[in-house]
Amino acid sequence: MDLRYWLPRAVDVFERFGERFGPFTAHPSHRIDDAAFTPVFERFAKRLDDNYPFFHPSYAGQMVKAPHPAAVVGYVTAMLFNPNNHAAEGGPATTEMERECVASLGAMFGLKEPLGHLTTSGTMANLEALYVARQSHPDRGVAYSSECHYTHERMCHVLGMEGHRVPVDARGRIELEALERLLATGRVGTVVVTLGTTGLGAVDEVHEVLPMARRHGARVHVDAAYGGFYALLGRSADPVGLDPRPWAAVAGCDSVVVDPHKHGLQPYGCGAVLFNDPGAGRHFAHDSPYTYFTQAELHLGEISLECSRAGAAAAGLWLTLQLLPLNREGFGEMLAASRRAALRWADLLAGSDVLELYQRPDLDIVTYVPAVRPFSLLSVDAACERLLHEGMYAADDPVFLSVLRADADAFARRHPRIVRDAGAARVMRSVLIKPEAELRLDRLHARVEQLAALAAGRQ
Ligand SMILES: *Cc1c(COP(=O)(O)O)cnc(C)c1O
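Residues numbered from 1 in each chain as written. Predicted model: local features only at pLDDT ≥ 70, side-chain atom pairs only at ≥ 80, totals over all residues. Heavy atoms only, no water.

1. Focus on the overall build of the protein
Next up, step 1: Of the regular secondary structure elements, the protein holds 15 helices and 11 strands.
Next up, step 2: Radius of gyration (C-alpha) of the protein: 24 Å, near the 23 Å computed for a compact globule of 459 residues.
Next up, step 3: With the C-alpha coordinates aligned to their principal axes, the bounding extent of the protein is approximately 75 × 60 × 40 Å.
Next up, step 4: Counting every position in the protein, which comprises 459 residues, the buried fraction comes to 54%.
Next up, step 5: Across the protein, contacts joining residues at least 24 apart in sequence account for 73% of those joining residues at least 6 apart.
Next up, step 6: With the model as given, the accessible surface of the protein reaches about 20900 Å², and the carbon-plus-sulfur share is 56%.
Next up, step 7: The average position of the 46 basic charges and that of the 55 acidic charges among the side chains of the protein differ by 3 Å. (Helix = DSSP H or I, 4+ residues; strand = E, 2+ residues; numbered from the N terminus. Rg over C-alpha atoms; globule rule 2.2 N^0.38 Å. Buried < 20%, exposed > 50% of the residue type's maximum accessible area, 1.4 Å probe, protein only. Contact = heavy atoms within 4.5 Å. Areas by Shrake-Rupley, 256 points an atom, 1.4 Å probe, with all protein chains shown as cover. Lys, Arg positive; Asp, Glu negative; His and termini not counted. Charge placed at Lys NZ, Arg CZ, Asp CG, Glu CD.)

Right, here's the structure in full:
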């Protein structure tokens with residue numbers, strides 16, 4: 001797909017639509033001619049040089065990648081119409097596309113008849129799930145692990161709910177015994193589990209948490225903002241080494257959040273929340289004197305907290321899913337490649353003299369540290385800082401990594417011989433969110449080894 005061919009086609013589609021309504025004149029108040037636009041656009045384009053190459057396999061840092069060209073074309077084409085998926089009268093076509101996307105996302109998790117919609121982000125999607133948690137159990141709080149996304153605690157504050165932080169096990173998963181003790185107090189109405197924590201990509205044992213929560217009358221919300229698309233492997237016959245049990249258990253949980261703007265190849269502005277109970281919409285009941293006139297069916301805005309939302313986001317996702325469907329052969333193959341890359345890199349790191357694997361990846365987030373001597377938190381932290389910096393600013397062959405702060409206990413659980421001369425240390429974190437990582441892995445590993453050797457030599 002060449003955007004130089006397809007982006008002008010977006011304009012064609014919009015013009016063809018416009019021709020049905022007859023010519024009109026743009027108001028002089030905002031008319032801008034090309035001569036005025038040219039220098040400003042040049043200045044603008046120059047400012048965009050100040051960016052990191054998220055699309056490129058030398059970027060192996062945070063959970064970011066370029067949107068798929070199909071998503072870009074879908075988004076841009078629909079954006080010219082500027083539909084608002086709050087209500088069907090804001091954009092009937094993209095509202096239908098959103099409903100179809102939600103059905104596909106639900107099927108990916110094995111949800112039968114989910115009620116759901118897209119959101120502008122995973123944070124908004126989780127806020128909605130926690131809002132329904134509060135409406136369902138107004139006098140009980142929320143349990144989440146110490147490794148869950150930081151916004152759960154924040155959203156509990158926003159909602160005026162009590163948040164309970166549960167410790168994690170040696171792999172970064174919610175600790176089951178601690179959770180059970182907390183549930184036994186009767187103060188928890190909803191447990192948040194994470195499928196792919198943001199730091200380590202750890203997969204909570206949903207299959208253990210779900211029956212435990214049910215015994216205590218609690219709901220379960222699955223935050224799969226990052227890892228959700230791995231359900232395509234976890235629920236398939238070929239899970240590339242994933243434990244299928246947590247993925248199978250999602251269908252029995254109460255709500256799920258997944259971010260198409262992370263693994264789903266979409267530009268930012270595309271999260272999703274799905275409720276297992278189609279009746280969850282009652283918690284959003286409201287009347288709006290200015291909207292909701294065109295359909296008998298519930299409008300998307302009638303089942304969400306947000307009002308205006310880009311119909312273009314639904315268009316981008318819909319178009320992408322026509323070409324790369326949510327099955328093992330479509331989207332699943334990309335995730336399998338990321339996963340294979342992460343496992344192979346973990347093996348290379350385990351055999352390296354200059355690097356040390358921090359934790360074996362559950363999904364595709366690889367964590368590692370330079371094998372410095374003495375092996376102490378202070379020197380590991382300093383070496384990671386150098387590795388991050390020198391990779392990013394290398395004049396030749398830069399490589400973009402990221403770091404994660406690990407506290408001393410977490411580090412020592414994984415590496416008992418670490419000298420505890422500080423309270424925490426940064427460790428290297430590479431999210432292999434792009435399947436291209438598989439094709440580039442040997443080069444990436446060699447480059448990071450080279451930088452780590454330099455960083456160690458300069459202590
Ligand atoms: C990224 C992420 C979020 C937040 O989603 P945004 O789309 O960035 O708002 C929530 N939970 C998890 C597990 C995440 O990885």
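2. Notes on the packing of aromatic side chains
Next up, step 1: All told, the structure shown has 16 aromatic pairs when counted by the stated rule.
Next up, step 2: Taken together, a centroid distance of 5.5 Å and an interplanar angle of 55° make the contact between Tyr131 and Phe284 tilted. Here Phe284 lies in the loop between strand S7 (271-275) and helix H11 (311-323) and Tyr131 lies in helix H5 (residues 122-136), a separation of 153 residues in the sequence.
Next up, step 3: Relative accessible area serves as the criterion here: at 14%, Tyr131 is assigned to the buried category.
Next up, step 4: Residue classification places Phe284 among the buried positions, given a relative accessible area of 4%.
Next up, step 5: Through pairs of rings, three or more aromatic residues link up here, namely Phe14, Phe17, Phe21 and Phe81. (Phe/Tyr/Trp six-rings, centres within 6.5 Å; stacked < 30°, edge-to-face > 60°.)

3. Let's talk about the sheet that holds strand S4 (residues 188-194)
Next up, step 1: The strand order across the open sheet built from 7 strands is S1-S7-S6-S5-S4-S2-S3, with neighbouring strands paired in mixed fashion. Edge positions in the open sheet fall to strand S1 (115-119) and strand S3 (163-166), since each of these has one partner strand only. Across the sheet, the axes of successive neighbouring strands diverge by a mean angle of 20°, strand direction being ignored.
Next up, step 2: The strands touched by helix H8 (residues 206-215) within the sheet are S4 and strand S5 (219-223), with S5 carrying the most contacts at an inclination of about 155°. (Pairing = 2+ DSSP bridges. Axes fitted to C-alpha atoms, helices over the stretch in contact; angles between N-to-C directions.)

4. Some points on the sheet that holds strand S10 (residues 402-407)
Next up, step 1: A sheet is described by the order of its strands in space; here 4 strands give the open sequence S8-S9-S11-S10, paired in antiparallel fashion. Of all the strands in the sheet, just strand S8 (355-359) and S10 have a single pairing partner and so form its edges. Within this sheet the neighbouring strands show an average axis-to-axis angle of 45°, counted without direction.
Next up, step 2: Against the sheet, helix H13 (residues 377-393) contacts S8, strand S9 (365-370), S10 and strand S11 (424-431), and its axis sits at roughly 40° relative to S11.

5. A word on the layout of surface pockets
Next up, step 1: One number sums up the size of the largest pocket: a volume of about 680 Å³.
Next up, step 2: Lining of the largest pocket is provided by 24 residues; of these, Ser146, Glu147, Arg165, Leu404 and Arg405 occupy positions nearest its centre.
Next up, step 3: Taken together, the elements giving at least two residues each to the lining of the largest pocket come down to strand S2 (141-145), helix H6 (151-159), S10 and helix H14 (408-414).
Next up, step 4: Residue composition of the lining of the largest pocket, grouped by class: 9 nonpolar, 6 polar and 9 charged.
Next up, step 5: Here the lining of the largest pocket spans two domains, since at least three of its residues come from each of domain 1 (76-289 + 297-323) and domain 2 (331-455).
Next up, step 6: If you add up the space inside the second largest pocket, you get close to 360 Å³.
Next up, step 7: Its residues assigned to classes, the lining of the second largest pocket shows 9 nonpolar, 1 polar and 3 charged. (1 Å grid on protein atoms, 1.4 Å probe; cavity = no way out; pocket = protein on both sides within 12 Å on 5 of 7 lines; lining within 4 Å. Points joined across faces, edges and corners; volume = space filled by probe spheres on them. Nonpolar A, V, L, I, M, F, W, Y, C, P; charged D, E, K, R; others polar. Domains from an automatic or database assignment.)

6. Things to note about the site of the ligand
Next up, step 1: Near the ligand there are 15 residues, and of these Thr123, Asp223, Asp259, His261 and Lys262 occur at the shortest range.
Next up, step 2: Take Gly122: an N or O atom from its main chain is 2.7 Å from an oxygen atom of the ligand.
Next up, step 3: Within the side chain of Asp259, an N or O atom sits 2.6 Å from an oxygen atom of the ligand.
Next up, step 4: Isolated, the ligand exposes 380 Å² of accessible area, and the fraction of that covered by the protein chains is 88%. (Near = heavy atom within 4 Å. Polar contact = N/O pair within 3.5 Å; in protein donor to acceptor, adjacent residues only side chain to side chain.)

7. Re the domain arrangement of the protein
Next up, step 1: Taken domain by domain, the protein consists of domain 1 (76-289 + 297-323) and domain 2 (331-455).
Next up, step 2: Its C-alpha centre places domain 1 at a distance of 29 Å from the equivalent point of domain 2.
Next up, step 3: Contacts between domain 1 and domain 2 engage 30 residues on the former and 22 residues on the latter.
Next up, step 4: Both faces combined, the contact of domain 1 with domain 2 buries some 2100 Å², and carbon together with sulfur accounts for 64% of it. (Buried area = accessible area lost by both parts, 1.4 Å probe.)

8. Some details on the side chain of Ser255
Next up, step 1: Here Ser255 shows up in strand S6 (residues 255-258).
Next up, step 2: Relative accessible area serves as the criterion here: at 0%, Ser255 is assigned to the buried category.
Next up, step 3: A distance of 2.8 Å separates a polar atom in the side chain of Ser255 from a polar atom in the side chain of His221.
Next up, step 4: When sequence neighbours within four positions are dropped, the list of residues in contact with Ser255 reads Ala129, Val220, His221, Val222, Leu274 and Phe275.

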